[in-house]
Amino acid sequence: LTTTVPTDQYAVLVQYRHWQGRQSVNVLENNRCLLPFTPSLGSLQLSCNQSDATYQLVGANDEILESGEFPATLVELPANAYKLVAIHHNHRRNEWARVNNGTTNPIAVEFKYGAAVLETQPPGASVTGSDGHYWGVTPLQLAELQPGTEYFTLQLNNYEAVQLALKITADQTNMVSTNLTSKSYTGAMRSARQAMSAANYDRAVESLNDALRSQPNDLEASSLLCEANGQWSIQRAEALGKKGDYIAGGLELKTALTYLPGNEQAKQMAADFKQHEPEQREQMRIERLNRPKTVFNARLAKALDADLFESHEFKSPKPYREIESAIFNAFKDQPAMKLTRYPAPQPETFLLEVVQDISGVLLSGGQRICVIVGGQSKDNETHISFKVLEYKTKHNVSMPGLLAFRDDQSTVAVNAARMEMTDKLQTRVIEGVANMTAIIQLAIGQTPPPSTP
């Protein structure tokens, strides 16, 4: 460079590519100056294991000095330390690159990746990263994941969200499979635990069955259901024991021990209940034996003057249901008879009532009522009790006005205690009992005695 300047001292700045230097010189008249600058320059040889990666060489003040694709050789760089930014797809790596005077420094950048496979049951869950990046839906295969721990959130409608931490290893595929939990399952399990804490075992059983419908074969729900069923049976057994029903209570405890084989409370209660069972069985035997008579007497207590008439009874080895059906069928088609079947007043019993209108002249008409009660008194015995009630209609005729008649009717038992018994009335009572007895005997398979001439 040749230039004319006044004689003086100057500061000269020299720049060569990315290198620059400053030197003070004295300029004399007609003087030619030779600046003694010797730049410190070196080179970088850049390589990367990913052929489509790019780089940026960053100097002071984050100034990008060079950029391009791998591989590359950068020459005549001032000796210094630089930041090398390598970029591959969405991944960046920062390396320090040192340039020494007169040498070429090789820098090899490696992008190491692992892969992941995410599966859910049911499938279709959305997958997002910890930074909110949406990856897709399951089943999902992810490539080019940098080694380390990746955090994912899996979400599907009506299912609880799942947080996953997955360790990524270079050159390996990491697989994770998870069962999503339905919100109905978690709600049912929460309700079940609350019910268990409150000893509300029937509610707990209901909730746990709901949980298993949402998530069949779930081990936690199945285990808790066994506990709830066992405790519920113990609870029912306690209530039955307080009522004196040790037999039913013992059956509940047997059920409890199938669910909770090692439960000491159930074992102790079962032993205690067993000691009371013989006494209860004897009470049940006596009650069963007397039950038909009890029902029979209770019904007759509502009938007018029922104690004035004689009771009759039969026994049959046939079951009470068969006896009831046979007697009902025997009476239902009888002329002038109205048959009523009442609901069973006690277990293993039946109650039938037959009403027959007795026609006659004004002073001899009335009704015949047959009350029939049967019941299983023993395993192989049915007891049948019946009573025939005869009533006569009593007329009280008056004349309250001219050409006006009034007939006040009442019913009176056909018995010597209530009226004068004529031969005709006596015959009516005898025939009524004989007719009803014959029908019942034939129905239950017993031969009625021959009629007296």
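See the structure printed just above.
Overview of the structure. Note that the coordinates shown come from a computational prediction; the quantities given were computed from them, not determined experimentally.

What counts as what
- Counting starts from 1 at the beginning of each chain's written sequence and moves along it residue by residue.
- With pLDDT at 70 or above as the cut-off, local features in this predicted model cover only qualifying residues; side-chain atom pairs require 80 or more to be listed or tallied, and sums for whole chains, interfaces and linings still use all residues.
- As a convention, hydrogens and water are excluded, and side-chain values are obtained from all of the structure's heavy atoms.
- Strands here are runs of E lasting at least two residues and helices are runs of H or I lasting at least four, both read from the DSSP assignment and numbered beginning at the N terminus.
- By definition, residues are in contact when any of their heavy atoms lie within 4.5 Å.
- The span expected for a helix works out to 1.5 Å for each residue beyond the first.
- Residue burial is assigned from relative accessible area. The probe radius is 1.4 Å, only protein chains are included, and a residue is buried under 20% of its type maximum, exposed over 50%, and partly exposed in between.
- Pairs of N or O atoms are called polar contacts if they sit within 3.5 Å, as long as, within protein, a hydrogen donor faces a hydrogen acceptor (for residues adjacent in sequence, only side-chain-to-side-chain pairs).
- Here the rule is simple: two strands pair whenever DSSP picks up at least two bridges between them.
- Only the contacting stretch of a helix is used when fitting its axis, a line to C-alpha atoms as for every element, and angles between N-to-C directions run 0 to 180 degrees.

**Remarks on the environment of Leu142**
Part 1 of the reasoning: Counting through the fold element by element, Leu142 comes out in strand E13 (residues 140-145).
Part 2 of the reasoning: Note: C-alpha distance between Leu142 and Ala116 (26 residues apart in sequence) is 5.1 Å.
Part 3 of the reasoning: Those residues in contact with Leu142 that lie beyond four places of it in its chain are Ala115, Ala116, Leu118, Trp135 and Phe152.

**Some words on the environment of His276**
Part 1 of the reasoning: In this structure, His276 sits in helix H5 (residues 264-300).
Part 2 of the reasoning: Taking the C-alpha atoms as reference, His276 lies 9.1 Å from Asp245; in sequence the two are 31 residues apart.

**Description of unusual backbone geometry**
With the exception of glycine, the majority of residues adopt a negative phi angle, and the majority of peptide bonds are in the trans configuration.
Part 1 of the reasoning: In this structure, the amide linkage connecting Phe70 to the following residue, Pro71, adopts the cis form with an omega of -10°.
Part 2 of the reasoning: Within the fold, Pro71 resides in the loop between strand E5 (64-69) and strand E6 (72-78).
Part 3 of the reasoning: Pro139 follows Thr138 through a cis peptide bond whose omega is 0°.
Part 4 of the reasoning: If you trace the backbone, Pro139 turns up in the loop between strand E12 (134-137) and E13.
Part 5 of the reasoning: Although it is not a glycine, Glu76 adopts a positive phi angle of roughly 50°.

**Some words on H5**
Part 1 of the reasoning: When the terminal C-alpha atoms of H5 are compared, their 51 Å separation across 37 residues agrees well with the 54 Å that a helix rising 1.5 Å per residue should span.
Part 2 of the reasoning: All of the buried residues along H5 are Ala266, Met269, Phe273, Glu277, Gln280, Arg288, Arg291, Pro292, Val295, Phe296, Arg299 and Leu300.
Part 3 of the reasoning: For H5, the side-chain oxygen to backbone nitrogen distance between the N-cap and Gln265 is 3.1 Å, and the N-cap itself is Asn263.

**A word on the sheet that holds strand E16 (residues 173-179)**
Part 1 of the reasoning: Ordered in space as E13-E10-E16, the three strands form an open sheet in which the pairing is mixed. Looking at which strands have only one partner, the edges of the open sheet turn out to be E13 and E16. Adjacent strand axes in the sheet meet at a mean angle of 15° when their direction is disregarded.
Part 2 of the reasoning: In this structure, strand E10 (residues 114-121) lies alongside E16, joined through seven bridges in parallel fashion. Pairing of Glu119 across the sheet is with Ser177, part of E16.

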